[in-house]
Amino acid sequence: LKDNGSGSSTIWATGDVTFSGNVAAGQNLILLADCQSGSLELSALSSWTNHGNLIMVSEQQSCFAHASISDGANVVFTNAGTMSVLALGASGSSVFDRGLFQNNGRLEMGAGAQLQSQQATVANGASGTVQIDVASATSFGSFNLSSDPIPGFTLAGRLSIVTASNFWPSSGLDLPVLASDSTRTGTFAQTTGLTRTGQTVAYHVAYSASGVDLTTS
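In what follows, the accompanying structure is described. Counting starts from 1 at the beginning of each chain's written sequence and moves along it residue by residue. This being a predicted model, a pLDDT of at least 70 is required before a residue's local features are given, and a value of 80 or more before pairs of side-chain atoms are given or counted; all residues contribute to the totals for chains, interfaces and linings. Excluded from the side-chain calculations are hydrogens and water; all other atoms, namely the structure's heavy atoms, are used.

### Notes on empty space enclosed by the protein
Okay, so step 1: Cavity means a closed set of points on a 1 Å grid over the protein atoms alone, one where a 1.4 Å probe fits but cannot get out, pocket means an open set with protein on both sides within 12 Å along at least 5 of 7 lines, and lining means a residue has an atom within 4 Å of a point. Grid points are joined across faces, edges and corners, and a volume is the space filled by probe spheres set on the points. For the structure on display, the rule yields 1 cavity of 30 Å³ or more.
Okay, so step 2: Here the largest cavity is characterised by a volume of approximately 80 Å³.
Okay, so step 3: Taken together, 13 residues form the lining of the largest cavity, with Leu107, Val122, Asn124, Val130 and Phe153 sitting closest to its centre.
Okay, so step 4: Mapped by element, the contributors of at least two residues to the lining of the largest cavity are β12 (100–103), β15 (121–124) and β18 (153–155).
Okay, so step 5: Of the residues belonging to the lining of the largest cavity, the class tally is 10 nonpolar, 3 polar and no charged. Runs of H or I in DSSP of at least four residues are treated as helices and runs of E of at least two as strands, each being numbered from the N terminus. For this classification, Asp, Glu, Lys and Arg are treated as charged, while Ala, Val, Leu, Ile, Met, Phe, Trp, Tyr, Cys and Pro are nonpolar and the rest, including Gly, are polar.

Quick look at the structure:
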């Protein structure tokens, strides 16, 4: 798959895909892994940037279908648009393998969706937003990074918490939204969505040496 154009388009990808080029503004690249089409792996030949909408959809309930992006060790992926990691059904696990993941746009972790990353360096830039969708105490977006001995998350920019309209969190929750087996560097400069009208408890951002939890009280 070569994406060298700049016109508006929507591309659905399934199976194994070799990718080159960039996703331009106005373009949608949807990576779908479901029980019908199976898992998907997109392999990037060189560094690339998403300026449009990159959507990873995985279905885990009965078939464990995973959407994966597999970059080389020296390949840089930059999200300058919107990247959404979504679950088809109650849960879904997508994968980003190796390389450098630089988020300068919006990274949305949908409720029930987990992005797993192995041997990658993950950085949220000053202009980047990490959005965590929360639908219940057990259904929330998360990013799990296995990179040791490579440094783990480097954080800046904004953390945005989006809570489903029908969910009212209770006190005492602990949601591990960014987890790593390596070191975390930096913190988010701004957090939105800690509370909302009618919500009697608030979220708090708890930083550990390796990641970030959302707690409530």
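### Here we look at the pairing of β15
Okay, so step 1: The criterion for strand pairing is that DSSP finds at least two bridges linking the strands in question. Pairing of β12 with β15, which is carried by 4 bridges, proceeds in the parallel orientation. Bridge pairing in β15 links Asn103 to Asn124.
Okay, so step 2: Alignment of β15 against β18, held across 2 bridges, turns out to be parallel. Residue pairing for β18: Val122 is matched across the bridge by Phe153.

### Details of the state of the cysteines
Between two cysteines, a covalent bond joining their sulfur atoms is known as a disulfide.
Okay, so step 1: We call a pair of cysteine sulfur atoms a disulfide when they lie within 2.5 Å. Overall, the coordinates contain 1 disulfide when judged by the stated rule.
Okay, so step 2: Each disulfide pairs two cysteine sulfurs, and for Cys35 the partner residue is Cys63, the sulfurs being separated by 2.1 Å. A torsion of -85° about the S-S bond marks the disulfide between Cys35 and Cys63 as left-handed. Residue Cys35 is located in the loop between β4 (27–33) and β5 (40–44), and its partner Cys63 is located in the loop between β7 (53–58) and β8 (67–71); the two are separated by 28 residues in the primary sequence.
Okay, so step 3: The partly exposed category is assigned to Cys63, whose relative accessible area is 28%. Partly exposed describes any residue whose relative accessible area lies between the buried limit of under 20% and the exposed limit of over 50%, with all areas from a 1.4 Å probe on protein chains only and scaled to the type maximum.

### A short note on the packing of aromatic side chains
How two aromatic rings sit relative to each other is given by the distance of their centres and the angle of their planes.
Okay, so step 1: Whether two aromatic rings pair depends on their centres lying within 6.5 Å, for rings of Phe, Tyr and Trp, where Trp uses its six-membered ring; planes under 30 degrees apart make the pair stacked, over 60 edge-to-face, and the rest tilted. By the definition in use, this model includes 7 aromatic pairs.
Okay, so step 2: Seen from their ring centres, Phe77 and Phe96 are 6.1 Å apart, and the 45° between their planes marks the pair as tilted. Note that Phe77 is positioned in strand β9 (residues 76–79) and Phe96 in strand β11 (residues 92–97), a separation of 19 residues in sequence. Each member of the pair Phe77 and Phe96 is classed as buried.
Okay, so step 3: Each residue in the set Phe19, Trp48, Phe77, Phe96, Phe101, Phe143 and Phe153 is aromatic and connected to the rest through ring pairs, giving one cluster.
Okay, so step 4: For the cation-ring pair, Arg196 lies above Trp168, with the distance from its terminal atom to the ring centre recorded as 3.8 Å. The rule for a charge over a ring is simple: NZ of Lys or CZ of Arg within 6 Å of the ring centre, and within 35 degrees of the ring normal.

Any link to function would need more than the numbers given here.
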